[in-house]
Amino acid sequence: MSSPQRNNDAPAGPIHPMPLVRLDLVVFRVALGALQVLLAKRQQAPFKGRLGLPGGVLRIDLDASLEAGAQRVALERLGTALPQVRQVLAVGGAKRDPRAPWAMTVVYRAVLSDELPVRPGKRVQELVWVDAQHASQDATLAFDHQQLIGQAIAGLRAEVEALQFTPGFMPEEFTLPQLQARCEAVLGASLNKVTFRRRVEEAGILKEVSGKMIGGAHRPAQVWKIT
């Protein structure tokens with residue numbers, strides 16, 4: 001009597017449980033001279049009624065990629081797609097989410113240069129813009145989102161300090177005073193005008209919009225674009 005044939009496609013060992021995988025969105029803007037982050041008031045448990053980052057579970061039946069999943073989550077939670085998203089960090093571990101013994105989060109960041117119409121979507125009671133630095137120190141936020149916000153701020157500040165401006169950081173056209181004001185809001189510190197302009201010029205990251213000026217007749221400002 002012949003023995004049953006082994007299925008070479010079958011797993012060789014025990015099947016391990018998979019982690020819960022979330023996609024969380026850190027959406028920044030500059031308003032009132034400060035860096036702000038968009039938070040969502042959760043409509044369901046866990047942490048019902050608490051503020052946290054808008055996010056959702058990765059869906060392998062819906063998401064062709066992580067970035068596609070991030071945009072799906074944006075549509076579901078914010079009612080709109082984000083003009084630019086960038087993966088900035090991933091964290092994982094036990095006891096991060098009470099719904100699973102082990103959970104990981106892939107964090108996407110968007111920096112908005114223009115007003116984006118957002119509205120509370122699926123499982124979101126309310127959307128609010130709050131001071132980003134305050135949010136990074138707010139232990140009442142859901143999950144470990146205060147830490148995720150802090151890491152996202154640190155990454156954005158490092159880029160700005162290095163004059164590495166990602167798409168969406170500025171409008172398509174702007175003046176140097178507007179760029180300096182945006183950088184100061186992100187960094188939370190004033191910058192020397194002469195030093196800042198020299199560094200920008202030496203970096204060669206801007207292109208002059210020929211013949212275009214903004215401002216009054218006496219001291220108009222040249223308009224620039226990021227190269």
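For the structure itself, consult the block above.
Residue positions are given per chain, counting from 1 as you read along its sequence in written order. The predicted origin of the model limits local features to residues at a pLDDT of at least 70 and limits the giving and counting of side-chain atom pairs to 80 or more, whereas totals for whole chains, interfaces and linings rest on all residues. Hydrogens are left out, water is left out, and the side-chain values use all remaining heavy atoms of the structure.

(A) Geometry of helix 3 (residues 145-161). By the criteria applied, helices consist of DSSP H or I runs no shorter than four residues and strands consist of E runs no shorter than two, each listed in order from the N terminus. Helix span is expected to be 1.5 Å times the residue number reduced by one. The end-to-end C-alpha distance of helix 3 is 24 Å, a good match for the 24 Å that 17 residues give at a rise of 1.5 Å each. Considered for burial, the residues of helix 3 that qualify are His145, Leu148, Ile149, Ala152, Ile153, Leu156, Glu159 and Val160. On an axial view of helix 3, the arc spanned by its buried residues comes to 135°, and they lie on one face. Where helix 3 terminates, the next one or two residues include leucine 163, which has phi positive at roughly 60°. Residue exposure (1.4 Å probe, protein chains only): buried if accessible area is under 20% of the type maximum, exposed if over 50%, otherwise partly exposed. It is the directions from the helix axis to the C-beta atoms that the arc portrays.

(B) Layout of the nonpolar core. Within the largest apolar cluster, 34 residues are counted, with the highest numbers of intra-cluster contacts made by Phe28, Val37, Leu39, Phe169 and Leu179. At the level of secondary structure, the elements contributing two or more residues to this core comprise strand 1 (20-31), strand 2 (34-42), strand 6 (102-112), strand 7 (124-131), helix 2 (132-135), helix 3, helix 4 (176-187) and helix 5 (193-203). When residues of this core are assigned to their parent elements, the largest contribution, six residues, is made by helix 3. Among all residues touching leucine 39, those that are not within four sequence positions of it are Leu51, Gly52, Leu53, Pro54, Glu126, Leu127, Val128, Val130, Ala135, Leu141 and Ile149. We define a nonpolar core as any set of buried Ala, Val, Leu, Ile, Met, Phe, Trp, Tyr and Cys residues linked to one another through side-chain atoms lying within 4.5 Å. Membership of the second largest hydrophobic core comes to 18 residues, among which are Val106, Tyr108, Ala110 and Leu112. In what follows, residue pairs with any heavy atoms lying within 4.5 Å of each other are defined as contacts.

(C) Main features of the pattern of salt bridges. The salt bridge criterion pairs a side-chain nitrogen of Lys or Arg with a carboxyl oxygen of Asp or Glu, the two atoms within 4 Å. Counted under the stated rule, the structure contains 14 salt bridges. A salt bridge links aspartate 61 to arginine 59; the shortest N-O distance between them is 2.6 Å. For aspartate 61, a relative accessible area of 53% translates into the label exposed. The partner of arginine 99 in a salt bridge is aspartate 97, and the shortest N-O contact between them spans 2.7 Å.

(D) Representation of empty space enclosed by the protein in the model. Cavities and pockets are defined on a 1 Å grid built over the protein atoms alone: a cavity is a set of grid points where a 1.4 Å probe fits but cannot escape, while a pocket is an open set with protein on both sides within 12 Å along at least five of seven lines, and lining residues are those with an atom within 4 Å of any such point. Grid points are joined across faces, edges and corners, and a volume is the space filled by probe spheres set on the points. The tally for this structure, following the rule as stated, stands at one cavity of 30 Å³ or more. For the largest cavity, the calculated volume is near 40 Å³. Contributing to the lining of the largest cavity are Arg22, Asp24, Arg96, Asp97, Ala103, Thr105, Phe143, Asp144, His145 and Leu148. At the level of elements, strand 1, strand 6 and helix 3 are the ones that each hand at least two residues to the lining of the largest cavity. Polarity classes work like this: nonpolar for Ala, Val, Leu, Ile, Met, Phe, Trp, Tyr, Cys and Pro, charged for Asp, Glu, Lys and Arg, and polar for all others, with Gly in that last group. Of the residues assigned to the lining of the largest cavity, the class counts are three nonpolar, two polar and five charged.

(E) Just the side chain of arginine 109, in detail. Inspection of the secondary structure puts arginine 109 in strand 6. Since its relative accessible area comes to 3%, arginine 109 is described here as buried. Not counting the four nearest positions on each side in its chain, arginine 109 is found in contact with Val26, Phe28, Gln84, Val85, Arg86, Val88, Ala152, Gly155, Leu156, Glu159 and Thr166.

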